[in-house]
Structures are given as C-alpha cells and as structure tokens.
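If you want the building blocks of each chain, they are given just below.
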Amino acid sequence: MSKHTITLIPGDGIGPEIIAATVRILEASGVFIEWETQIIGAQALEKYGTTIPDSTIESIKRNKVALKGPLATPIGKGFTSVNVGLRKALDLYANVRPIKALPNVECRYPELDLVIIRENTEDLYAGLEHVVVPGVVESIKIITEKASTRIAKYAFEFAQANNRKKVTAMHKANIMKLSDGLFLECFYNVAKNFPEIPADDKIIDNACMQLVMRPEQFDMMVLENLYGDIVSDLCAGLIGGLGLAPGANIGEQGAVFEAVHGSAPDIAGQGIANPTAILMSGILMLRHLNEMEAADRVEKALM
C-alpha cells in the first residue's frame, strides 16, 4: 500500500473543525496518510512575524500535496490575501473548480456538471496598484503569452484526460483588445493541438448571462484570474453554494486542495459547520494521488 505524506493546513475559524472531520474520513478510506501540520495567515503572523512561513512553503514543496482549510483575509486593510500569496510562492498556476450538482441537494440545476479552469498567477490579481494622485488609484492588469498558453494547455489536457466534451474561453477582448486579445489568441493557438476537442469562446458578460439561463451549454471553461474568480463562485451558486464546491490549485512544485468558502468565524466552535466542500476537495486530492478506488469509496459515501 502506498504511503503519502501530505501537508495539512487547518486554517482559521471553522477550518480546524472541517479539516478534522475530513481527515477522519480520508483515513477511513484505506489510504495510508501521514499528515504534516503547518500554519499560515493570522496564526503564522502572530507566531513567526509573517503570514506565509518558509517552513510551510518548504513542507508543500517537499510533500508536493497539501490540504488547506479556509483562511481569513482582512477586507481593505491588514495583510494581503494569503491564498494569493501562497499561489504566487508556489507558482500554482491552475485553479481547478469542478461544479457538479449533488444528489439530494436541492438546487436550480440538478444535472449540472461543469469544470472551471482559472489562470492563477497574473491579471489584476498581480496586485500591482499605486496612487497616481490623491483620489486616483491605478491597478495594472498583467496578461502574458507564457501564462495564457500554459493555462490553455492545462485546460485541454484536463479535458482530454477526463473525457470532457468542449472547452470555452471567456474574455472581454472586444474592449481589452490587447490583454484579453492575447489570452484569446493563445487559447486558439493551443486548441489547434487538440483537434478532437471542440473549442469556442464567449464574451464574459454574455457568458455570465448564459450560465444563469442555460448552463448546460457549457462543459469546461478557461478564464483569466479575475473572471475565473467571479464565474466559479457564480457557478457554485447554481448547485447550492460554496459549501458544496471543491477547489484545487495546481503547479509544477505541488498542489494545494482547499475549501473555497470563507472561515465563518461566527459559527466556529459550535460543531455545525458543514465539511462537504473540503471533503470534496479531499476526493480531488485522492484522485491527484492516483488513489482512485479510495476516492470512489469516499465519493460514494458522500453521495
């Protein structure tokens, strides 16, 4: 039997509770896992003076896989997003968000089965902002051929490996002709290497409307960072909310599987937090580790 050493980041708020529940279930699946617990965020800032300690980064690089609970990020003040910082530090360039309706969970689209692939390292999330003059702030959007090509290639390879039917790029190239235009150009250049997989594109505002009206027309979507962040949450709403949506951040140096919802400090410690999202992320993690039988067992139990 294979043994896996996995970095475990409990997170903030309800994080430790839902992580503990998930760990018990994953261990019961028959996979032998040794957990290496690390901290990031506010806890790490208090203990180490930094939100992302070197020891945590080194642990993930060494183990190649991490399971992470939700983190609290101050809004408009305090430290910058630790999630974004972690993705940058490890170059976790592909955010993978499967959106699949669960049986017996009431939602608007019970047959929905989508996958969203989001570029994770640049765009407006590069965080390049400055004050031009008092009262005027400029944020710089970064789109590169390298990152756009890399995420498109990942999306088509994912589609190929998982028997997906179509890949759709979402953009605003009608307005941002250079930046989104480059993203779209790279997408179609990569698509030429996968002629067996249909490829198309939609302008992001129309795509959002179509997702609400007729989401079944989509199968896989690939998006820039900001659009992907918004659309993945929109799609989670179609199946019941972020508490039912798993997430993964994949790169050459490792993979971090996480709950994409917030840390919900208002209900922490009450024993009422639902671990479904982080458990589903754990199932994704088992598949990433090629523990297919164990993943199937956990998924069957969940369903």
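Located above this text is the structure these notes cover.
Residues numbered from 1 in each chain as written. Predicted model: local features only at pLDDT ≥ 70, side-chain atom pairs only at ≥ 80, totals over all residues. Heavy atoms only, no water.

*Asks:* In this structure, what is going on with helix α9 (residues 276-288)? I would like to understand it.
*Replies:* Side chains three or four residues apart in an α-helix point the same way, a direct result of the helix having 3.6 residues per turn. Between its terminal C-alpha atoms α9 stretches 18 Å, which fits the 18 Å expected from 13 residues at 1.5 Å a residue. Of all the 13 residues making up α9, ten are buried; the element is thus mostly covered by neighbouring parts of the structure. Listing the buried residues of α9 in full gives Thr276, Ala277, Ile278, Leu279, Met280, Ser281, Gly282, Ile283, Met285 and Leu286. Following α9 by one or two positions, Asn290 has its phi on the positive side, about 65°. (Helix = DSSP H or I, 4+ residues; strand = E, 2+ residues; numbered from the N terminus. Expected span 1.5 Å × (residues − 1). Buried < 20%, exposed > 50% of the residue type's maximum accessible area, 1.4 Å probe, protein only.)

*Asks:* Help me understand the pairing of strand β11 (residues 246-251), please; the structure alone is not making it clear to me.
*Replies:* Sheet faces and side chains relate simply in a regular strand, where the side chains alternate between the two faces. Most of β11 sits out of view: six of its six residues are buried. Where strand β4 (residues 94-100) meets β11, three bridges bridge the pair, whose relative direction is antiparallel. When the sheet's bridge partners are listed, Val96 is paired in β11 with Ala248. Two strands pair when backbone bridges link them, and β11 and strand β12 (residues 254-259) are joined in this way by six bridges, in the antiparallel orientation. Among the inter-strand pairings, Asn249 is bridged to a residue of β12, identified as Val256. Taken together, β11 and the strand that follows it, β12, pair antiparallel across an intervening segment of two residues. (Pairing = 2+ DSSP bridges.)

*Asks:* Please clarify how the nonpolar core should be interpreted in this entry.
*Replies:* Proteins that are soluble and globular tend to have nonpolar side chains buried together. Counting 52 residues, the largest nonpolar core has Trp35, Leu67, Ile117, Val167, Val222 and Met285 as the members making the most contacts within it. Here this core gets seven residues from one element, more than from any other, and that element is helix α5 (residues 145-161). With residues up to four places along the chain from it excluded, the contact list for Leu67 reads Ile6, Thr7, Leu8, Ile9, Ile19, Thr22, Leu26, Trp35, Phe257, Ile278, Gly282 and Met285. Among the nonpolar cores identified, the runner-up in size contains 22 residues, and Ala101, Ala207, Leu211 and Met221 belong to it. (Core = buried A, V, L, I, M, F, W, Y, C linked by side-chain atoms within 4.5 Å. Contact = heavy atoms within 4.5 Å.)

*Asks:* Explanation requested: a nonpolar patch on the surface in the structure shown.
*Replies:* Together, Val132, Val133 and Val136 line one region of the surface with nonpolar side chains, adding up to about 220 Å² of accessible area. Among the structural elements, Val132 can be located in strand β6 (residues 129-133). Given the relative accessible area of 47%, Val132 is considered partly exposed. (Patch = residues over 30% accessible without salt bridge, like charges linked within 9 Å, V, L, I, M, F, W, Y side chains within 5 Å. Areas by Shrake-Rupley, 256 points an atom, 1.4 Å probe, with all protein chains shown as cover. Salt bridge = Lys/Arg side-chain N within 4 Å of Asp/Glu carboxyl O.)

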